[in-house]
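Structural overview for review
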Amino acid sequence: MGVVFEPFKAKVVEPLALLSRDERQAALELAGYNLFALPADAVTFDLLTDSGTTAMSAEQWAAMMRGDEAYAGSRSFHRFDRVVRDLTGYAHVIPTHQGRAAERILFALVVEKGRSVIPSNNHFDTTRANIEFDGGEALDLVCQEAADPKTSAPFKGDIDLDKLEACCREHAGNIPLGMQTITNNTGGGQPASLANIRAVSEILHSHDIPFFLDACRFAENAWFIKQREPGQAHRSVREIAQEVFALADGCTFSGKKDGLVNMGGVLAMNDPELAQRARNLLILTEGFPTYGGCAARDLEALAVGLEEVLDEKYLEYRTASVRYLAEGLEKVGIPVMHPPGGHAVYADAGALLPHIPAHDYPGQALACALYLEGGIRTCEIGSVMFGRRGDDGSFTPARLELVRFALPRRVYTQSHVDRMLEVAAEVAALAPSLPGMEMVEAPRYLPHFTARFRPRTGVTVS
Ligand code: F0G
């Protein structure tokens, strides 16, 4: 097999922000050492998220010009509806402005306060937040292999089937639906196997519980099934994806990932009665059911993106570029989670910076160093995000101190990644002397977005 190269060429380009180290230092101080507070103009390589950061294709831009902005019954909706129904098989397709809007509508309809339990492999933050906001309990039942960042199991997004069966019995009558996130973002962008999704479907259905997918990275998940699951190599990714959707009764979907668009989402399902209630709720906040919070041109772009993302040359390049980044980071001495996920590499900051205790946020220290040394913006997924700070000053760290390098789709080239790896090598060399971070301002909820930090002084260890 030769070099895996980008199966596209550039038509429109955007300059990269190239700042001096002093300029980055000033920007970082102004941002309170919180990378969410940096202006994008101060960032050279933006790996904060793969969500909504896709470069669209010429075909998508062309389709946008066909957008029929009729308030009701737009041509663009019908085109979008056909593409989503052909892929998923679900009878009812409801556009939303992004994934969390689909979640909000679905859970508002099915969660009963103080009673409902919703199992999944791992709920993404917004999914969990929407369930909890409605008074339900979001249960994570991911398989055992997912707990160890060093083992290379092929399907760490699988659900533990024994736990799921036990959960269905224990909470009988109180599970309005079960979910599975593909790929499992919270667990490291890891795929779920077809066999596991099939078994989850069987267990839930044997208890008369509907099954919904959080499907925003469905194409990357289907590609991994084709590559890794015995007996799947000869099938097309589209066929695999169609089978996965057919095993469930509906999905929530953020188009900002495998939809290859900057904005858009879907709530789709087979149940006509639930769909009607969803449309009624949609009208309150998102808009009429044939545009649902999007411009019709956004639906056109999403319809094209859903076809393009199933191009296997694209998926080969996509997963190869994530793997290339992961292998490169390990080579320069930054340990990463295994195996690399579909959309992101998760560096193990706890292992790289053992001299920084969890309450001094090793993930934040690594993320700040990557920015300072080379303008790379990553995202801490450790004790800043998931640590618990009690009113009595107590502190419970996150299970792992990770830093996520999420690759936007079709945006950065291999030489960009090579430059990121040069920066990573400089940071790895500095690792023993990197200071921990003190959180000096911490809001009560979602501190990672707005907390302010400063480097600990006088803790340089060699
Ligand atoms: N589900 C998963 C698995 C996600 O990763 C996200 C978003 C959502 C739902 C919500 O979708 O943003 O369109 O409302 N993930 C982004 C990320 C934000 O950076 O991982 P949304």
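Residues numbered from 1 in each chain as written. Predicted model: local features only at pLDDT ≥ 70, side-chain atom pairs only at ≥ 80, totals over all residues. Heavy atoms only, no water.

A few words on the packing of aromatic side chains. Both the distance between ring centres and the angle between the ring planes are used here to describe each pair of aromatic rings. The final tally for this structure, using the stated rule, is 12 aromatic pairs. With a centroid separation of 5.7 Å and an interplanar angle of 45°, the aromatic rings of Tyr-71 and Phe-288 are classed as tilted. Of this pair, Tyr-71 sits in the loop between α2 (58-65) and α3 (75-88) while Phe-288 sits in the loop between α10 (272-285) and α11 (296-308), and the two are 217 residues apart along the sequence. Residue class for Tyr-71 comes out exposed when judged on its relative accessible area of 56%. Members of the aromatic cluster, joined through ring pairs, are Tyr-90, Phe-218, Phe-245 and Phe-253. (Phe/Tyr/Trp six-rings, centres within 6.5 Å; stacked < 30°, edge-to-face > 60°. Helix = DSSP H or I, 4+ residues; strand = E, 2+ residues; numbered from the N terminus. Buried < 20%, exposed > 50% of the residue type's maximum accessible area, 1.4 Å probe, protein only.)

What follows covers the domain arrangement of the chain. A common way to state how big an interface is: give the accessible area lost once the parts meet. What the domain assignment lists for the chain is domain 1 (21-50 + 312-455) and domain 2 (58-308). The straight-line distance from the C-alpha centre of domain 1 to that of domain 2 is 27 Å. At the junction of the two partners, domain 1 supplies 22 residues and domain 2 supplies 30 residues. Per-residue buried area on domain 1 facing domain 2 is highest for Glu-312, Leu-315 and Pro-339; these three make up 25% of the total on that side. Here Glu-220 and Arg-409 are joined by a salt bridge, their closest N and O atoms 3.0 Å apart. At the junction of domain 1 and domain 2, the tally comes to 17 residue pairs in polar contact (both at pLDDT 80 or more). Elements supplying a minimum of two residues to the side of domain 1 that touches domain 2: α12 (312-331) and β9 (344-348). (Domains from an automatic or database assignment. Contact = heavy atoms within 4.5 Å. Buried area = accessible area lost by both parts, 1.4 Å probe. Salt bridge = Lys/Arg side-chain N within 4 Å of Asp/Glu carboxyl O. Polar contact = N/O pair within 3.5 Å; in protein donor to acceptor, adjacent residues only side chain to side chain.)

What follows concerns the pairing of strand β3 (residues 117-120). Judged by which residues are buried, β3 turns out to be covered on both faces: Val-117 and Pro-119 on one side and Ile-118 and Ser-120 on the other are all buried. In this structure, β3 lies alongside strand β4 (residues 137-140), joined through 4 bridges in parallel fashion. Across the sheet, residue Ser-120 finds its bridge partner in β4, namely Asp-140. Following the backbone out of β3, through helix α5 (residues 125-133) and into the adjacent parallel β4, one traces a crossover that is right-handed. (Pairing = 2+ DSSP bridges. Right-handed = clockwise from strand over helix to strand, strands pointing away.)

The next point concerns the packing of helix α8 (residues 218-228) against α12. Across the interface, α8 lies against α12 with an axial gap of 10 Å and an inter-helix angle of 90°. Comparing the axis directions of α8 and α12 gives the class roughly perpendicular. Of the residues in α12, those in contact with Ala-219, Glu-220, Trp-223, Phe-224 and Lys-226 of α8 are Glu-312, Leu-315, Glu-316, Arg-318 and Thr-319. (Axes fitted to C-alpha atoms, helices over the stretch in contact; angles between N-to-C directions. Parallel < 35°, antiparallel > 145°, perpendicular 65-115°, else oblique.)

Our focus in this paragraph is the layout of surface pockets. Each pocket or cavity is described by its volume, and for the second largest pocket that value is around 1,400 Å³. Along the wall of the second largest pocket there are 35 residues; nearest its centre are Val-12, Glu-14, Ala-55, Arg-410 and Val-411. Among the residues forming the lining of the second largest pocket, the class breakdown is 19 nonpolar, 7 polar and 9 charged. Among the domains, domain 1 (21-50 + 312-455) and domain 2 (58-308) are the pair contributing at least three residues each to the lining of the second largest pocket. (1 Å grid on protein atoms, 1.4 Å probe; cavity = no way out; pocket = protein on both sides within 12 Å on 5 of 7 lines; lining within 4 Å. Points joined across faces, edges and corners; volume = space filled by probe spheres on them. Nonpolar A, V, L, I, M, F, W, Y, C, P; charged D, E, K, R; others polar.)

As a further point, take empty space enclosed by the protein. A full pass over the atoms with the stated rule returns 4 cavities of 30 Å³ or more. Quantified by volume, the largest cavity comes out at close to 80 Å³. Counting residues per element, the ones that place at least two in the lining of the largest cavity are α14 (362-374) and β11 (379-381). Of the residues belonging to the lining of the largest cavity, the class tally is 6 nonpolar, 4 polar and 1 charged. Empty space within the second largest cavity amounts to approximately 60 Å³. Taken together, Val-84, Leu-87, Thr-88, Phe-218, Phe-245, Cys-251, Phe-253, Val-266 and Leu-306 form the lining of the second largest cavity. Of all the secondary-structure elements, those providing two or more residues to the lining of the second largest cavity are α3 and β7 (250-254). Sorting elements by how many residues they give to the lining of the second largest cavity places α3 first, with 3 residues. Considering only residue class, the lining of the second largest cavity consists of 8 nonpolar, 1 polar and no charged.

What follows concerns α3. Along its 14 residues, α3 runs 20 Å from first to last C-alpha, staying within 8% of the 20 Å computed at 1.5 Å per residue. Three or more residues of α3 are buried, namely Ser-76, Phe-77, Phe-80, Asp-81, Val-83, Val-84, Leu-87 and Thr-88. Burial along α3 is one-sided: seen end-on, the buried residues are contained in an arc of 165°. Turned more than 90 degrees from where α3 packs its buried face, Arg-75 and Arg-82 sit exposed. Positive phi appears at Gly-89, one or two residues downstream of α3, with a value of about 80°. (Expected span 1.5 Å × (residues − 1). Arc of directions from axis to C-beta.)

Taking strand neighbours across the sheet as the criterion, the 3 strands line up as β9-β14-β11 in an open arrangement whose pairing is antiparallel. Whereas interior strands pair on both sides, the edge strands pair on one side only; in this sheet they are β9 and β11. Taking the axes of each pair of neighbouring strands and ignoring which way they run, one obtains an average angle of 30° across the sheet. One ladder, built from 5 bridges, connects β9 with strand β14 (residues 402-406); its direction is antiparallel. Within β14, the position partnered with Val-345 by the bridge is Phe-405. On the sheet, α12 packs against β9 and β14 and is oriented at approximately 15° with respect to β9.

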